[in-house]
Amino acid sequence: MLSLENKLSILGEGARYDVSCASSGSVRRPQAGLIGSTSTAIAGVCHSWSEDGRCVSLLKILMSNACVYDCAYCLNRSSADIPRASLTPEELAELTIEFYRRNYIEGLFLSSAVLMDPQYTTEQMIKALALLRHTYRFNGYIHVKAIPGVDPLLLQQLGLLADRMSVNIELPSESSLRLLAPEKEKRGILQPMANIRDLVNINKEERSRFRSAPLFAPAGQSTQMVVGASPETDRHILLLSQSLYRRYELRRVYYSAYVPVGNTSILPRDLPVPLTREHRLYQADWLVRLYGFSAEEVLDESYPHLEANIDPKAAWALRHLHLFPVEVNTADKATLLRVPGLGERSAQRIIQARRSKRLKPEDVKKMGMVIKRAQYFLTADGVFMGSIPLEHPELKLRLLDGPLEPQLSLLEDPAAPWIPQLPYFTKSLQPPEVVSEAGELAQVKKLATPPPAPWQDTVWQQVPPPAELPASLLPPASGKGG
Ligand code: SF4
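Conventions we followed
Residues numbered from 1 in each chain as written. Predicted model: local features only at pLDDT ≥ 70, side-chain atom pairs only at ≥ 80, totals over all residues. Helix = DSSP H or I, 4+ residues; strand = E, 2+ residues; numbered from the N terminus. Buried ≥ 20, exposed ≤ 12 C-beta atoms within 10 Å, placed from the backbone. Contact = placed C-beta atoms within 7 Å. Near = placed C-beta within 6 Å. Nonpolar A, V, L, I, M, F, W, Y, C, P; charged D, E, K, R; others polar. Core = buried A, V, L, I, M, F, W, Y, C linked by C-beta atoms within 7 Å. Domains from an automatic or database assignment. Pairing = 2+ DSSP bridges. Right-handed = clockwise from strand over helix to strand, strands pointing away. Axes fitted to C-alpha atoms, helices over the stretch in contact; angles between N-to-C directions. Parallel < 35°, antiparallel > 145°, perpendicular 65-115°, else oblique. Left-handed = near helix turned anticlockwise from the far one by under 90°. Expected span 1.5 Å × (residues − 1).

### Observations regarding the overall build of the chain
So, point 1. A tally of regular secondary structure across the chain gives 16 helices and 11 strands.
So, point 2. Within the span of the chain, comprising 482 residues, buried residues form 41% of the whole.
So, point 3. A separation threshold of at least 6 residues defines the contact pool for the chain, and within that pool the share at least 24 residues apart is 72%.

This is the structure in structure tokens:
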């Protein structure tokens, strides 16, 4: 019989590779009689992230690692020779509360392997969260993973106890899913996503009419994708993420660089995927989510991989030099956001400053922004701000990030032809290619017209329409609160 301490060690380790945790977006204010809150305004309650951007201070744990499925990329797969453990709902609730009372954590990130089947596993999770919320009066942040294939009624019960939900998309294509996670089906993953989206929207509507209606996953949903265990390009991955944001209203897609777990029989090679790839995908994702880029602009068919040594916005700018430089006094915010090195805050500062005067280069330099990279793409009052012209072959060198991670050298092994993202590791320092006039016109036109629906051309996009939700999950047909 395992002690609770042993279980904690096994199940904490099992959850280590789950990266989809961030507690932003949910507000549970402190309430009399309840403990915990998700508000960052409360002293002693804060959210922090580790250096690589992962969220800490949640108890991140599996309900069980005794999985009946055998996903090849997973540490907890049924064929793995590892110690197994499961927590009872009571153990999990007590553990969380004890950690919370000792100030080790602010919230809970609960996932689980498939214990018996998705329904049974979800029932166990519901029991644990119900104990936390109702018996222990825990009002802190809870992120819970929904198990693919879960019944919509159980999904609804789970969401009523959590702040955020997620269903892992797992792999970037259906063919990879069939190969590496044969017990999982595309529909079993996408259907719960569609149900969560609908239930969140129904809940918003309900709460606008009845203020006391219980919250359903107020921080929405996210997903996680394993990168590098299968051969999809970065472009494919980004297109899929874009479609998930649009279609399922996800708050975030998290990327998890594949970590070898000792099963090389059907995985391409027993080498870790560099974290740089994960990092570049997050940067590209950011451009799509927040900076108005479409996935097709960031990566196109002739440029399907992100480069290791240059950030995606700078790489895009180098391929679109004809759109630069932009004039700080007249460019709109969307255009300023496309300048390498300028972020939301810098763009806002420029817009604010130019309201009172026409900006000259010295004014921009005095604004306290770092324009080391932006200078090559800006004019101020008609004066080019860069120290070398845009067409200079050295420009790319000046835009490169620091030295590559040592582990990248592993992947330059010529005996690794299977690595799907080989161009990703090329360290070409060629000057940007010259674009013909016709090409320029085509690119300008492409930027000026709304992107086509990209999700129609990926394997994951032939998503079946969401099944009708059971009537019991729908809001009342009419009636006003009161
Ligand atoms: S379902 Fe697959 S990914 Fe999830 S714990 Fe089981 S083996 Fe791992």
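### Points about the site of the ligand
So, point 1. Taken together, Cys 67, Tyr 69, Cys 71, Cys 74, Asn 76, Arg 77, Ala 113, Val 114 and Ala 181 make up the full set of residues adjacent to the ligand.
So, point 2. Tallied by class, the residues present in the shell around the ligand amount to 7 nonpolar, 1 polar and 1 charged.

### A word on unusual backbone geometry
Both trends apply: most residues other than glycine have a negative phi, and most peptide bonds are in trans.
So, point 1. Here Phe 324 and Pro 325 are connected by a cis peptide whose omega angle stands at 0°.
So, point 2. Within the secondary structure layout, Pro 325 lies in the loop between α10 (312-319) and β9 (326-327).
So, point 3. Phi at Met 116 is positive, roughly 70°, even though this residue is not glycine.
So, point 4. Take Met 116: it is sitting in the loop between β4 (107-111) and α3 (118-135).
So, point 5. Despite not being glycine, Asp 381 shows a phi value in the positive range, around 55°.
So, point 6. Assignment of secondary structure puts Asp 381 in the loop between β10 (378-380) and β11 (383-384).

### Observations regarding the nonpolar core
So, point 1. Ranked by size, the top nonpolar core spans 109 residues in total, and within it Val 144, Leu 158, Val 227 and Val 298 carry the most contacts.
So, point 2. Counting residues per element, this core draws most heavily on helix α6 (residues 186-209), at 7 residues.
So, point 3. Residues from two domains meet in this core; each of domain 1 (4-224) and domain 2 (312-401 + 421-453) gives at least three.
So, point 4. In this structure, Val 144 is in contact with Leu 110, Met 125, Leu 129, Leu 158, Ala 162 and Met 165, ignoring residues within four places of it in sequence.

### What to know about the sheet that holds β10
So, point 1. One open sheet holds the 3 strands; their spatial order is β9-β10-β11, and the pairing between them is mixed. Only two strands of the sheet have a single neighbouring strand rather than two, namely β9 and β11.
So, point 2. Sheet topology places β9 next to β10; 2 bridges connect them, and they run parallel. The partner of Val 326 across the bridge, within β10, is Leu 378.

### Here's the deal with the pairing of β4
Regular strands have side chains that alternate between both faces of the sheet.
So, point 1. For β4, the tally of buried residues reaches 5 of 5 residues, placing the bulk of the element in the interior.
So, point 2. Of the two faces of β4, the one lined by Gly 107, Phe 109 and Ser 111 and the one lined by Leu 108 and Leu 110 are each fully buried.
So, point 3. Relative to β4, strand β3 (residues 58-62) runs parallel, the two being bridged by 5 bridges. Across the sheet, Leu 59 pairs through a bridge with Leu 108, a residue of β4.
So, point 4. Handedness of the crossover joining β3 and β4 through helix α2 (residues 89-101): right-handed.
So, point 5. Bridging between β4 and strand β5 (residues 141-145) involves 4 bridges; their strand directions are parallel. Paired with Leu 110 across the strands is Val 144, a residue of β5.
So, point 6. At this point the chain moves from β4, through α3, to the parallel β5, and the crossover so formed is right-handed.

### Structural notes on the sheet that holds strand β8 (residues 252-257)
So, point 1. The strand order across the open sheet formed by 6 strands is β3-β4-β5-β6-β7-β8, and the pairing between neighbours is parallel. At either end of the open sheet lies a strand with only one pairing partner, and these are β3 and β8. Direction aside, neighbouring strands of the sheet carry axes that sit 20° apart on average.
So, point 2. The pairing of β5 with strand β6 (residues 164-166) spans 3 bridges and is classified as parallel. Within the sheet, the bridge partner assigned to Lys 145 lies in β6 and is Ser 166.

### Re the packing of helix α7 (residues 234-248) against helix α8 (residues 275-290)
Helices that pack against each other are described as a pair by the angle of their axes relative to one another and the distance between those axes.
So, point 1. For the pair α7 and α8, the least separation of the axes is 10 Å and the interaxial angle reads 40°. When the interaxial angle is binned, α7 and α8 end up oblique. For the pair α7 and α8, the crossing hand works out as right-handed. Facing α7, whose interface residues are Asp 234, Ile 237, Leu 238, Ser 241, Gln 242 and Tyr 245, α8 presents Leu 281, Ala 284, Asp 285, Val 288 and Arg 289.
So, point 2. Partitioning the contact of α7 with α8 into residue classes produces 6 nonpolar, 2 polar and 3 charged.

### Quick notes on α8
So, point 1. The terminal C-alpha atoms of α8, which comprises 16 residues, lie 22 Å apart, in line with the 22 Å expected from a rise of 1.5 Å per residue.
So, point 2. All buried positions along α8 are accounted for by Thr 276, Arg 277, Arg 280, Leu 281, Ala 284, Asp 285, Leu 287 and Val 288.
So, point 3. Immediately beyond the C-terminal end of α8, within one or two residues, lies Gly 292, with a positive phi of roughly 80°.

Interpretation in functional terms is not warranted from these geometric data alone.
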